[in-house]
Amino acid sequence: MRFEPRRNKTVSPRTRRLRVAGGALCAAALAATLVTGCGQDSGDETAAATSEAAKVLPNQTTSPSGSVSPSGTAQLTEDQTKRKELLSTVKVTFDKAATTAVGEVSGGKLTDLDLEGIDDQDDDDATGSPSPTGSPTDGASPSPGGTESPGGTESPGGTGSPSPSGSAGSPKWVAEVVEEDGTAHNVTIDAVTGKVLDSSPDADQSDADKQKLADQISKTTQTPQQAAKVATDKKPGKVTSIALDENDSNVLVWQVDVVTKDWKKTTFDVDAAKGTITDEQVDDD
């Protein structure tokens, strides 16, 4: 008996094509399923993260640079703006003004020195007026603090800059210098040029006033310059006022106003005999 060799089963070309096509379709379907699943998971994770961030910072907004947008707390008050504008025009410092004032009265001692207009909000003649003619111009009326209103045409440098001759718009130092017998003299100094604009005895001074001043200067061992240094050593800034007076405890003190770099004002009471600070008050306006 002869055995026929066993024939291998062959697959027709059509069947192979169908199998290949079917495999490709399955692979494509599997890939689509994987992509769809991954994309959905990614979207869910992003949405979840955004939702959590919104819960943590519901009200915070940021600028394009990523920093928190300004809240407005850094804006200057009306008083701070006025101090900034006025002091930007002052060229004669407190100590120079004090020396000039004392030089006007032979043997005199300084008991009071103020930068006029620094905190006089309702003073129509306050220094640093923004109008070049002393009156507001149409469309550029100044605000009560001496700043330009929106839409105004004031130049960046301020048109209230004082003239060298000491015009009405110039900032001024107003001093009281007292003789040994208590006679007071009023001295006005241009705070830009240092020129003495006026020097005359106080015509309204009574005998009682003279006696009180004479007693005060006899008890004072600290000069105004020394008191100013004590104050500015504690809080650096510009001295805008100093006055010899008695505090609530009847202690003779130098009251020193210091305007710091944030344009706030601090008033120090410096013991006129010991040179120590007895009180400190910050004006937040």
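On a predicted model such as this, the values are computed, not experimentally measured, just so you know.

Cut-offs and rules
Residues numbered from 1 in each chain as written. Predicted model: local features only at pLDDT ≥ 70, side-chain atom pairs only at ≥ 80, totals over all residues. Heavy atoms only, no water. pLDDT = per-residue confidence, 0-100. Contact = heavy atoms within 4.5 Å. Core = buried A, V, L, I, M, F, W, Y, C linked by side-chain atoms within 4.5 Å. Buried < 20%, exposed > 50% of the residue type's maximum accessible area, 1.4 Å probe, protein only. Helix = DSSP H or I, 4+ residues; strand = E, 2+ residues; numbered from the N terminus. Salt bridge = Lys/Arg side-chain N within 4 Å of Asp/Glu carboxyl O. Pairing = 2+ DSSP bridges. Axes fitted to C-alpha atoms, helices over the stretch in contact; angles between N-to-C directions.

Undergrad: Just to check I follow, could you spell out the confidence of the model for the chain for this structure?
TA: Detailed reading of predicted coordinates is not advised where the pLDDT is low. On average, residues of the chain score 73 in pLDDT, and 57% of them are at 70 or above. Low confidence marks residues 1-40, where pLDDT is under 50. Its contacts with residues over four positions away, or in another chain, come to two contacts. Of the regions scoring below 50 in pLDDT, residues 53-73 engages in seven contacts with residues more than four places distant in sequence or in other chains.

Undergrad: Even after reading the chapter, I still don't get the nonpolar core, so can you show me in this structure?
TA: Nonpolar side chains tend toward joint burial in soluble globular proteins. Counting residues in each nonpolar core, the largest one holds 38 residues, and the members touching the most others are L113, L115, W173, W254 and V256. Considering every element that reaches this core, the biggest residue donor is strand β6 (residues 252-259), with five residues.

Undergrad: In this structure, what is going on with the pattern of salt bridges? I would like to understand it.
TA: Should their charged atoms come close, side chains of opposite charge can pair. All told, the structure shown has four salt bridges when counted by the stated rule. The salt bridge involving D233 is made with K229; its shortest N-O contact spans 2.9 Å. Taken as a pair, D233 and K229 lie in helix α5 (residues 224-234) at a separation of four residues, close to a single helical turn. Neither D233 nor K229 differs from the other in exposure class; each is exposed.

Undergrad: Sorry if this is basic, but what is going on with the sheet that holds strand β2 (residues 172-178) here?
TA: What links the strands of a sheet is backbone hydrogen bonding, and the strands pair in either a parallel or an antiparallel sense. Taken in spatial order, the eight strands make up an open sheet running β4-β3-β2-β1-β5-β6-β7-β8, and their pairing is antiparallel. Two strands close off the open sheet at either side, each with one partner strand: β4 (196-201) and β8 (277-283). Here the strands of the sheet are splayed against their neighbours by 20 degrees on average, with no regard to which way each runs. Two elements, strand β7 (residues 265-271) and β8, share six bridges in a ladder whose sense is antiparallel. Bridged to T267 within β8 is Q281. Of the strands in this sheet, β1 (109-115), β2, β3 (184-190), β4 and β5 (238-246) are in contact with helix α3 (residues 94-102), which crosses β1 at around 130 degrees.

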